[in-house]
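Structural description and commentary
Take a look at the letters that make up each chain.
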Amino acid sequence: MHDHCHKNINVEDGFPRISLIGNPNVGKSAIFGLLTGRYVTVSNYPGTTVEMIKGEATIQREKFQILDTPGVNSLIPMSEDEKVTRDTLIDYRSETVIQVIDAKNIKRGLYITLQLVEMGVPLVIDLNMKDEAVSRGIEIEETILGNTFGVDVVSTVAVQKKGISSLKKAAMNPRISSYEFSYDPVIEEQITKIEALLPESNISKRSIALMILSGDRTLKNWLLENLSAEEISLIESFRDNVAEKYTQALGYIISQRRLKVVERIAESIVSRSVNEEKGVSKWLGDLTIHPVWGFPFLFLVLFLLYEFVGVFGAGTLVDYFESVVFGEYLNPWAEKIVMSVFPFEFLQELLIGPYGVITMALTYAIAIILPITATFFIAFSIMEDSGYLPRLAAMLNRVFNTMGLNGKAVLPMVLGLGCDTMATLTTRILDTRKERLIVILLLALAVPCSAQLGVILGMFGKQPFAALLVWLGTLVFIMLLVGFISSKIIPGKRVDFILELPPLRVPQLSNVLIKTVGRIEWYLKEAVPLFVLGTLILFAADKLGIIPFVQDLFSPVIVGFLGLPAEATQSFIIGFLRRDYGAAGLFMLQERGLLNTEQVVVSLVTITLFIPCIANLFMIIKEKGMKVAMIISLFVFPFSVLVGGVLHRILLWSEIFN
């Protein structure tokens, strides 16, 4: 009956397991990377490790499986990622649990330490980011902390790879803490009664009894698997009996008791010297989240992004790659080889014709999009590593409230600027189904992915700055409008916003490079095959004479309603395969002088709002099912065209670009 408690994540690996547990944003992923040597995206904002991440490490000639669990603020789950972490502890036996604590926020960490101590797991405490604590004048007495709990305490600075060898050593000899504290006698009495009914598992019966008393509904399935209906109803009656004796919720009383214990321990181990965050970093940090001055700062960031990605990446670099590298060397060279090796006209056209794999797919993917995405990835990694993104979330919290969301939703949205498909996956960090649905809809509708955004900034690099502002203003307005309406239609409630703000740091070159290279590699693997596929579809459509037919079919919409040239039709068709491929088609039309400023703005607003790319569509199906994916697509497609048409009329009427 209870043998499932010891199931393995990978049955065949058979290695002893070390689990990493901790709050969001304490450097767990960095520690995981140093223990396993496997590359994992290390980000400076919470919500990046929703999926379980595994790796292997050899410590003192013994092999271990290392599990990096999602960041939690409590082991009584409030969100999907907290449930994953708690279930890992119940379902899988860990030889060692390493709790990673942010040394500057020791109280947040100790709240989880108490829960791990109650679970009776073999524990090692790792105080990470020791350098930041010291620079803020926070001193922690590690010996007293270790003696209090009776476990090893190690300090590390993961980004500088300090303290990892002592962490490995401690991980080989974890100890079960002997620390005990009690609750009110009434609660203690019920704990004992519930414990008597519970089966053995990988964590103590006492901790499970406390979860039940706290009103943890996520345990329901576990109880159903392990207990009979009579036992469950008996446990529920114990819980109801004790709940009647208090005016406040039991969960609140239990957590208040833990917080008191945390305060007492923290007082005995933490001393502060007056050395608070100082100077420029503090001033900038306050400025970035200021309700008024935060916006000019955001515009400055956008302007620098526009200059770096739009002007330098899409102007200077693309011109060089397109006209020199491809134009003068690669394409002529490829043409010579193809002409001499393949005598058949069909194959020649397939490789180097107007819809050729080399002349179109590779030129688009590598000469046009790669320089733009590379510069965008560099800029994005710098923003991520500096700690600006979570601050953006805090500043935009009020704006998001109008859409029935809180600032936490900024994180998937900002990740969407990297890749909407990944961002759709991270909507799991949001607390309610309603919030997850709204964010998935907005991602599919109004958030351009990095490759597409890069191309868009590149196109605006050749247009007046006002054109970029009109595009941005339209998207923000549409996002707020659709968010507001969907928050009224989709049932459910939103939850309050708590987000840890990391300090602003100077980005580390090594981190920025690792992330950028990782993303470029991902882009090449993901995008290039789809570009080739898109080109083959166009080639086939051209050979079968479908393109003129499709252009005629859609021309009332594209030409009549949106005011764009008929050639833009194929960009929208390929935009479904890859959003950036569609944008690259428009980029080429602009290069050929076929689009004026007004048409550039209308076409880019429409293609940004246009149907989600095929990978994102599959992810929506995987996360929310076919029905939701279809409803979103059926809404987004006509809606994007409608917005483009209305914008076209407004711009013509206002003559803003004439």
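**Brief notes about the overall build of the protein**
- Along the protein, the regular secondary structure elements total 29 helices and nine strands.
- Here the protein, with 658 residues, has 56% of them falling under the buried criterion.
- Within the protein, counting contacts between residues at least 6 apart in sequence, those at least 24 apart form 76% of the total.
- When the accessible surface of the protein is totalled, it reaches about 28400 Å², and 63% of it is carbon and sulfur.

**Overview of the pairing of strand E3 (residues 62-68)**
- Most of E3 sits out of view: five of its seven residues are buried.
- Bridging between strand E1 (residues 17-22) and E3 involves four bridges; their strand directions are parallel. Bridged to Ser19 within E3 is Leu67.
- Judged from the seven bridges that link them, strand E2 (residues 53-59) and E3 form a sheet pairing that is antiparallel. Residue Glu56 lies in a different strand from E3, and its bridge partner there is Gln65.

**Regarding the packing of aromatic side chains**
- Taken as a whole, this structure holds twelve aromatic pairs when the rule is applied.
- With a centroid separation of 5.5 Å and 70° between ring planes, the pair formed by Phe572 and Phe610 is classed as edge-to-face. Note that Phe572 is positioned in helix H25 (residues 568-575) and Phe610 in the loop between helix H27 (597-609) and helix H28 (614-624), a separation of 38 residues in sequence. For the pair formed by Phe572 and Phe610, the shared burial category is buried.
- Pairwise contacts between aromatic rings join Phe149, Tyr179, Phe181 and Tyr183 into one cluster.

**Section: the nonpolar core**
- Judged by nonpolar contacts, the single largest core of 106 residues is most densely connected at Phe460, Trp471, Phe531, Val601 and Leu604.
- With 13 residues, the top contributor of residues to this core is helix H15 (residues 357-386).
- Non-local contacts of Leu604, meaning those with residues more than four positions away in its chain, are made with Ile456, Met459, Phe460, Trp471 and Leu586.
- Counting residues in hydrophobic clusters, the runner-up holds 60 residues, among them Ala133, Leu213, Trp222 and Leu250.

**Some details on the packing of helix H24 (residues 546-561) against helix H29 (residues 626-654)**
- At a closest axis distance of 10 Å, the pairing of H24 and H29 adopts a crossing angle of 35°. Residues Val557, Gly560 and Phe561 of H24 lie in contact with H29, whose contacting residues are Val641, Leu642, Gly645, His648 and Arg649.
- When its residues are assigned to classes, the contact of H24 with H29 shows four nonpolar, three polar and one charged.

**Remarks on the pattern of salt bridges**
- A complete count under the given rule lists 16 salt bridges for this structure.
- A salt bridge links Lys83 to Asp87; the shortest N-O distance between them is 2.7 Å. Here Lys83 and its partner Asp87 are both found in helix H2 (residues 80-91), four residues apart, which amounts to about one turn of the helix.
- If you follow the salt bridges from partner to partner, you end up with Lys83, Arg86, Asp87 and Asp216 in one network.

**What to know about the side chain of Gln463**
- With respect to the element layout, Gln463 can be found in the loop between helix H21 (450-460) and helix H22 (465-489).
- A relative accessible area of 12% means that Gln463 is categorised as buried.
- At 3.3 Å, the side chain of Gln463 and the side chain of Gln590 are in polar contact.
- A distance of 2.7 Å separates polar atoms of two side chains, one belonging to Gln463 and the other to Thr597.

**Describing unusual backbone geometry**
- The backbone phi angle of Gln60 is positive, close to 45°, even though this residue is not glycine.
- Relative to the assigned elements, Gln60 resides in the loop between E2 and E3.
- The backbone of Arg61 sits at a positive phi, close to 60°, despite the residue not being glycine.
- When you line up the elements, Arg61 lands in the loop between E2 and E3.

**Brief notes about the pairing of strand E4 (residues 96-102)**
- Extensive coverage of E4 is indicated by the burial of seven of its seven residues.
- Of the two faces of E4, the one holding Thr96, Ile98, Val100 and Asp102 and the one holding Val97, Gln99 and Ile101 are both buried throughout.
- As paired elements, E1 and E4 share five bridges and run parallel to each other. Paired with Ile18 across the two strands is Thr96, which belongs to E4.
- As a crossover connection, the stretch from E4 through helix H3 (residues 106-119) into strand E5 (residues 122-128) is right-handed.

**Looking at the environment of Val280**
- Within the fold, Val280 resides in helix H12 (residues 279-288).
- When the C-alpha positions of Val280 and Leu504 are compared, they lie 9.8 Å apart, and in sequence the two are 224 residues distant.

**A short note on helix H7 (residues 185-197)**
- The terminal C-alpha atoms of H7, which comprises 13 residues, lie 19 Å apart, in line with the 18 Å expected from a rise of 1.5 Å per residue.
- Within the sequence span of H7, burial applies to Ile187, Glu188, Gln190, Ile191, Ile194 and Leu197.
- Looking at the packing, one finds that the buried side of H7 touches helix H8 (205-213), helix H10 (229-244) and helix H11 (250-269).

**Observations concerning H2**
- Counted at 1.5 Å a residue, the expected span for H2 with its twelve residues is 16 Å, and the 16 Å between its end C-alpha atoms agrees.
- For H2, the tally of buried residues reaches nine of twelve residues, placing the bulk of the element in the interior.
- Restricting attention to buried positions, one finds in H2 the residues Asp81, Glu82, Thr85, Arg86, Asp87, Thr88, Leu89, Ile90 and Asp91.
- Among the structural elements, E1, E3, E4, H3, H8 and helix H9 (220-226) are those in contact with the buried residues of H2.

**Re the confidence of the model for the protein**
- Mean pLDDT over the protein: 81, with 90% of residues reaching 70 or higher.
- Every residue in residues 1-12 is under pLDDT 50, and counting partners more than four places away or in other chains gives 31 contacts.
- Note on residues 39-49: pLDDT is under 50 here. Beyond four places in sequence and across chains, it has 37 contacts.

The rules behind each value
- Residues numbered from 1 in each chain as written.
- Predicted model: local features only at pLDDT ≥ 70, side-chain atom pairs only at ≥ 80, totals over all residues.
- Heavy atoms only, no water.
- Helix = DSSP H or I, 4+ residues; strand = E, 2+ residues; numbered from the N terminus.
- Buried < 20%, exposed > 50% of the residue type's maximum accessible area, 1.4 Å probe, protein only.
- Contact = heavy atoms within 4.5 Å.
- Areas by Shrake-Rupley, 256 points an atom, 1.4 Å probe, with all protein chains shown as cover.
- Pairing = 2+ DSSP bridges.
- Phe/Tyr/Trp six-rings, centres within 6.5 Å; stacked < 30°, edge-to-face > 60°.
- Core = buried A, V, L, I, M, F, W, Y, C linked by side-chain atoms within 4.5 Å.
- Axes fitted to C-alpha atoms, helices over the stretch in contact; angles between N-to-C directions.
- Nonpolar A, V, L, I, M, F, W, Y, C, P; charged D, E, K, R; others polar.
- Salt bridge = Lys/Arg side-chain N within 4 Å of Asp/Glu carboxyl O.
- Polar contact = N/O pair within 3.5 Å; in protein donor to acceptor, adjacent residues only side chain to side chain.
- Right-handed = clockwise from strand over helix to strand, strands pointing away.
- Expected span 1.5 Å × (residues − 1).
- pLDDT = per-residue confidence, 0-100.

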